[in-house]
Structure formats: C-alpha cells, structure tokens
Amino acid sequence: MSKSPATREFARRERPLSPHLTVYRPPITMTMSIIHRITGGALYFGTLLVALWLMAAASSQSTFDAVNWAFGSWLGRLVLLFYTWALMHHMLGGVRHLIWDTGAGLEKDTASRVAWATLAGSVVLTLLIWIAGYMARGA
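Model, not experiment: these values are computed from the prediction.

## Some remarks on the UniProt feature "binding site: heme" (unreviewed entry) in the protein chain
With numbering aligned to this structure, UniProt lists the feature "binding site: heme" (unreviewed entry) at His90. Along the polypeptide, His90 turns up in helix α4 (residues 74-101). Filtering out sequence-adjacent residues up to four positions away, His90 remains in contact with His36, Thr39, Gly40 and Leu43.

Below, the structure written as structure tokens:
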C-alpha cells in the first residue's frame, strides 16, 4: 500500500462491498426482467388453480360450489387478482422482449420507458379485467 497521505485517508474510509444495495440502484429494465421471471413461475401455480376449478366443474355440484366458495373468499379473490396481474405483466413483458428481438427499442432511454409502460399497462389491464368482471356479474 502506498505511503501517501491521500491513499491512507482513502483506505481508512469504510466502504461497502461493490455492488451493494445501498450504493447500487438496479435499473428498471433489470427489475422488470426479474419480475418477468417471478411472474412466469407464479403462472405455474395459477394454472394449477384454473385446472382445479375445471376439475371441480367436471365433477359434482358440491365440489364445484366448494371451489367457487374458496375462490370467492377475500383470500381467494386476492390470489386471483395477483394471478391476473402476473398474467398481464408476463404477457406485456413477453411483448417487450419480442420487440427487442427485432432490434427496436434497445436504446437505454427507450428501454426504460417501455419497462415502465409494461408495469403501468399490467396494472391498468388488471383493473380493467376486474372491473369488467364485476360489471358482467352485476356485483
């Protein structure tokens, strides 16, 4: 190590290991990529719920009523809400990657705007789907 006073002062400062979460702020494109992978995994679980509902519909009325009751509870509706959001977010993330595969939108600013649009679009589409569902149901 150097004997220079400037170097010794620099070495004495406590610095976090790099990259550290308190120093490094992940870009929105990286965050959306991670969320795209998580929603893809969540869709496996949600598809099992759809399959459960279809099997209940194909079996007895009492089984179907029990599954409908579970999906109609506040917890069931919350799970279905997040499943809907995961489906919309994963779909829009896939469209984003499809656009990138053409070579378009790869500029840093454009990619960030499209990532934010993916997040906003997934929330808006989820709300529209649920509002349409409640309006169709009459509740």
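Picking up after the structure, the text goes on.
## What to know about the packing of aromatic side chains
Following the criterion strictly, the structure yields two aromatic pairs and no others. Each ring, one from Trp53 and one from Phe64, has its centre 5.8 Å from the other, and the planes form 50°; the classification is tilted. Of the two residues, Trp53 sits in helix α2 (residues 28-58) while Phe64 sits in helix α3 (residues 61-72), which places them eleven residues apart along the sequence. What makes Trp53 partly exposed here is its relative accessible area of 33%. Centroid distance Trp130 to Tyr134: 6.2 Å. Interplanar angle 40°. Geometry classified as tilted.

## Considerations on the side chain of Thr84
Take Thr84: it is sitting in helix α4. Discounting chain neighbours no more than four positions away, the residues touching Thr84 are Thr126, Ile129 and Trp130.

## Considerations on the pattern of salt bridges
Summed over the entire model, instances satisfying the criterion amount to one salt bridge. Between Arg113 and Asp109 there is a salt bridge, and its shortest N-O distance comes to 2.5 Å. Here Arg113 pairs with Asp109, and both are found in helix α5 (residues 108-137), just four residues apart, close to one helical turn.

Thresholds, definitions, all that
- Residues numbered from 1 in each chain as written.
- Predicted model: local features only at pLDDT ≥ 70, side-chain atom pairs only at ≥ 80, totals over all residues.
- Heavy atoms only, no water.
- UniProt positions renumbered as here; feature names shortened; annotations may be inferred.
- Helix = DSSP H or I, 4+ residues; strand = E, 2+ residues; numbered from the N terminus.
- Contact = heavy atoms within 4.5 Å.
- Phe/Tyr/Trp six-rings, centres within 6.5 Å; stacked < 30°, edge-to-face > 60°.
- Buried < 20%, exposed > 50% of the residue type's maximum accessible area, 1.4 Å probe, protein only.
- Salt bridge = Lys/Arg side-chain N within 4 Å of Asp/Glu carboxyl O.

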